[in-house]
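What follows is the residue order along each chain.
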Amino acid sequence: MPIIQAKHKKEIDDSYKVFIEKGVVNKLPSLLKKINLGQKYAIITDSKTAKIHGQTISKFLNKNGIKNEIFSFESGEKSKTLSTIEELAESMVEKGFNRKDAIIALGGGVVGDIAGFLASIYLRGIPFVQIPTTLLAAVDSAIGGKTGVDLKIGKNLLGTITQPKAVFIDINLLKTLPENQIRNGLGEIIKYGVIKDEKFFSYLEKNLSKVFNHDEKVLNYIIQKSIAIKVEVVENDEKEAKNRMLLNYGHTYGHALETMSNYTLLHGYAISIGMVIANEMAVAKKLLKQKDADRIKALLEQAGLPVYSMYKPTMKNLTTDKKSDGKSINFILPTKIGNAIIYNQKI
Ligand SMILES: NC(=O)c1ccc[n+]([C@@H]2O[C@H](COP(=O)([O-])OP(=O)(O)OC[C@H]3O[C@@H](n4cnc5c(N)ncnc54)[C@H](O)[C@@H]3O)[C@@H](O)[C@H]2O)c1
Ligand SMILES: [Zn+2]
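The following refers to the structure shown.

About the cut-offs
- Per-chain numbering applies: the sequence of each chain, read as written, is numbered from 1 onward.
- Labels follow written order: the first chain is A, the first ligand is 1, and so on.
- Owing to the predicted nature of the model, reporting of local features is limited to residues with pLDDT of at least 70; listing and counting of side-chain atom pairs is limited to 80 or more, with chain, interface and lining totals taken over all residues.
- Heavy atoms from the whole structure form the basis of all side-chain values; hydrogens and water molecules are not counted.
- By definition, any uninterrupted DSSP run of H or I lasting at least four residues is a helix, any uninterrupted run of E lasting at least two residues is a strand, and each is numbered from the N terminus.
- C-alpha atoms define the radius of gyration in this analysis, and the globule rule sets the expected value at 2.2 Å times the number of residues to the power 0.38.
- The cut-offs for exposure are 20% and 50% of the maximum accessible area for each residue type, with area from a 1.4 Å probe on protein chains only; residues under the lower value are buried, those over the upper are exposed, and the others partly exposed.
- Any two residues whose heavy atoms approach within 4.5 Å at even a single point are treated as in contact.
- To be clear on the numbers: accessible area is Shrake-Rupley with a 1.4 Å probe, and residue cover counts the displayed protein chains and nothing else.
- We call a residue near a given molecule or strand whenever any one of its heavy atoms falls within 4 Å of it.
- Counting of polar contacts relies on pairs of N or O atoms within 3.5 Å, with two restrictions inside protein: one atom must be capable of donating a hydrogen and the other of accepting it, and residues adjacent in sequence are counted only when both atoms are side-chain atoms.
- Residues are grouped as follows: nonpolar covers Ala, Val, Leu, Ile, Met, Phe, Trp, Tyr, Cys and Pro; charged covers Asp, Glu, Lys and Arg; every other residue, Gly included, is treated as polar.
- Each domain's extent was defined by an automatic or database domain assignment.
- With a 1 Å grid laid over protein atoms only, a set of points is called a cavity when a 1.4 Å probe fits there but cannot get out and a pocket when it is open yet has protein on both sides within 12 Å along at least five of seven lines; lining residues have an atom within 4 Å of a point.
- Grid points are joined across faces, edges and corners, and a volume is the space filled by probe spheres set on the points.
- Coordinating donors are taken to be N, O and S atoms lying within 2.8 Å of the metal, or within 3.2 Å when the metal is Na, K or Ca; because water is excluded from the atom set, some sites may appear incomplete.
- Ring pairs are drawn from Phe, Tyr and Trp, using the six-membered ring of Trp, whenever the two centres fall within 6.5 Å, and their geometry is named by plane angle: stacked under 30 degrees, edge-to-face over 60, tilted for the rest.
- Within this document, salt bridges are pairs made up of a side-chain nitrogen of Lys or Arg and a carboxyl oxygen of Asp or Glu, the two lying within 4 Å of each other.

### Digging into the overall build of the protein chain
Argument step 1. On a plain count of helices and strands, the protein chain comes out with 12 helices and 10 strands.
Argument step 2. Over its C-alpha atoms the protein chain spans a radius of gyration of 20 Å, differing by no more than 12% from the 20 Å that the globule rule assigns to 347 residues.
Argument step 3. Dimensions of the protein chain along its principal axes, counting C-alpha atoms only, are 70 × 60 × 35 Å.
Argument step 4. Counting every position in the protein chain, which comprises 347 residues, the buried fraction comes to 52%.
Argument step 5. Within the protein chain, contacts between residues at least 6 apart in sequence are counted, and of these 76% link residues at least 24 apart.
Argument step 6. Total accessible area on the protein chain is roughly 17300 Å²; 52% of this is exposed by carbon and sulfur atoms.

Here you go:
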């Protein structure tokens, strides 16, 4: 039998830079020209972000030699579906976007996930950059390369891992966020402190209130620190074989709570409760001291996040999470502030 070996050994460098600077959007024309990703850019954004920032940024870029066009969809998690991807792709084809062009994701996590997924499959893949406009997107979803959409039966079930070519974070864009969106991002930020960095956790204890006053120094610092922690964890484990799982602290329960609340509970709020529950488990297993659990709870409360829920997820709720293999669940449990472990619980 003739056998032809089709060799596809790949060694690729998907490294990218994250620019964190107040006003970096004003430097976009020169930065984009330097990385030279496309002849023109499709700015993918949602209806709200288009109004608040999209139109201004689009005009500014066009005026400064970066050809672009806005493609927007209705804001909200409900839009994170394949049909939105299809509609965006069709509009892009109609407007003549080809393989020489690129995508800019301008918005929160919903936009980032949709735009990244679209970029990874449009004409079999075109480059994209992220400009996150929510705190959660800046510290979490814009980094790490996870893209995707939801299915009716669950969140984020279709997607790819595709790294952006660059990420631009401008805290000027975050000034328009409502307070609940600031809290939403703080859930993930506190998570980073607990799993990796005690000093950062203490910094948050001292400076959290300044975030709500939009203190630029504090905001820039916590964004930088959070990204540095996420990058470090993801760097060596893009596909979540082990280390990356640490980022799921609070998420096993958190996801179940989000589903049970029919997504009325914001992600950062849900994982706040999830972290408290994980801490209770860790204390019961004598892995974590009660005083550390109390300190984490106090910081979450200080951030205005919930620490208790009326929803009580069952094992079934927990095992429908895509992170479970059906026989056991991996919980991420802290052992002290600044360290966490993967704890495999048999069902
Ligand atoms: N890819 C990843 O690694 C990853 C990680 C975490 C979360 N996510 C995904 O991210 C999504 C949640 O992201 P999110 O919390 O940013 O939600 P979102 O994108 O829905 O944004 C929240 C709301 O804020 C509005 N908004 C955005 N920027 C604004 C601004 N500057 N001023 C005022 N309003 C603004 C949006 O229009 C929306 O109404 C979920 O779908 C989640 O699955 C992905
Ligand atoms: Zn999360």
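### Here's the deal with the site of ligand 1
Argument step 1. Neighbouring residues of ligand 1: 26 residues in total, closest E77, G109, T133, T134 and T176.
Argument step 2. At 2.8 Å from an oxygen atom of ligand 1 is found a main-chain nitrogen or oxygen belonging to G109.
Argument step 3. Within the side chain of D113, one N or O atom sits 2.9 Å away from a nitrogen atom of ligand 1.
Argument step 4. For ligand 1, whose accessible area on its own is 870 Å², the fraction buried by protein is 90%.
Argument step 5. Those elements that place two or more of their residues in the shell around ligand 1 are α2 (47-63), α4 (109-121), α5 (135-141), β7 (154-161) and α6 (179-196).
Argument step 6. Here the shell around ligand 1 gets 4 residues from one element, more than from any other, and that element is α2.
Argument step 7. Taken together, the residues of the shell around ligand 1 sort by class into 5 nonpolar, 12 polar and 9 charged.
Argument step 8. Domain assignment of the residues forming the shell around ligand 1 places at least three in each of domain 1 (17-176) and domain 2 (179-346).

### Focus on empty space enclosed by the protein
Argument step 1. A full pass over the atoms with the stated rule returns 2 cavities of 30 Å³ or more.
Argument step 2. Here the second largest cavity is characterised by a volume of approximately 40 Å³.
Argument step 3. As for the second largest cavity, its lining consists of N248, G250, H251, T252, Y253, G274, A278, F331 and I332.
Argument step 4. Sorting the residues of the lining of the second largest cavity by element identifies α9 (251-260), α10 (267-284) and β9 (328-336) as the ones contributing at least two each.

### Things to note about the coordination of the zinc ion (ligand 2)
Argument step 1. Around the zinc ion (ligand 2), the protein contributes the donor atoms E188 (OE), H251 (NE2) and H267 (NE2), which lie 1.9 to 2.1 Å from the metal centre.
Argument step 2. If you list the donors of the zinc ion (ligand 2) from N- to C-terminus, the spacing comes out as E-x62-H-x15-H. Residue E188 is found in helix α6, and its partner H251 is found in helix α9; the two are separated by 63 residues along the sequence. Of the two residues, E188 and H251, both sit in the buried class.

### Notes on unusual backbone geometry
Argument step 1. For H214, which is not a glycine, the phi torsion comes out positive at approximately 55°.
Argument step 2. Tracing the backbone through its elements, the reader meets H214 in the loop between α7 (198-212) and α8 (216-235).
Argument step 3. Notably, N262 is not glycine yet its phi reads approximately 55°, a positive angle.
Argument step 4. When you line up the elements, N262 lands in the loop between α9 and α10.

### Observations concerning α9
Argument step 1. Of all 10 residues that make up α9, 8 are buried, and the element is covered over most of its length.
Argument step 2. Taken together, the buried positions of α9 are occupied by H251, T252, Y253, G254, H255, A256, L257 and E258.

### Focus on the packing of aromatic side chains
Argument step 1. Taken as a whole and judged by the stated rule, the model has 5 aromatic pairs.
Argument step 2. Between the aromatic rings of F200 and Y221, the centroid separation amounts to 6.4 Å while the plane-to-plane angle is 70°, which identifies the pairing as edge-to-face. Of this pair, F200 sits in helix α7 while Y221 sits in helix α8; the two residues are 21 residues apart in sequence, bridging distant segments of the chain.
Argument step 3. Every member of this aromatic cluster is reached through a ring pair, and the members are F200, Y203 and Y221.

### Observations concerning the layout of surface pockets
Argument step 1. The volume enclosed by the second largest pocket comes to roughly 360 Å³.
Argument step 2. A breakdown of the residues in the lining of the second largest pocket according to their chemical character gives 5 nonpolar, 3 polar and 4 charged.
Argument step 3. Residues from two domains meet in the lining of the second largest pocket; each of domain 1 (17-176) and domain 2 (179-346) gives at least three.

### Quick word on the pattern of salt bridges
Argument step 1. On inspection of all chains with the given rule, the structure shows 15 salt bridges.
Argument step 2. For E21, the salt bridge is made with K27, and the minimal N-O distance between the two is 2.7 Å.
Argument step 3. Residue classification places E21 among the partly exposed residues on the basis of a relative accessible area of 35%.
Argument step 4. A relative accessible area of 39% places K27 in the partly exposed class.
Argument step 5. Between D140 and K230 there is a salt bridge; the shortest N-O distance is 2.6 Å. Here the residue D140 occupies a position in helix α5, and K230 occupies one in helix α8, the gap between them amounting to 90 residues. A single burial state applies to D140 and to K230, both of which are buried.
Argument step 6. Taken together, the shared-partner salt bridges connect E77, K80, D113, D150 and K155 into one network.

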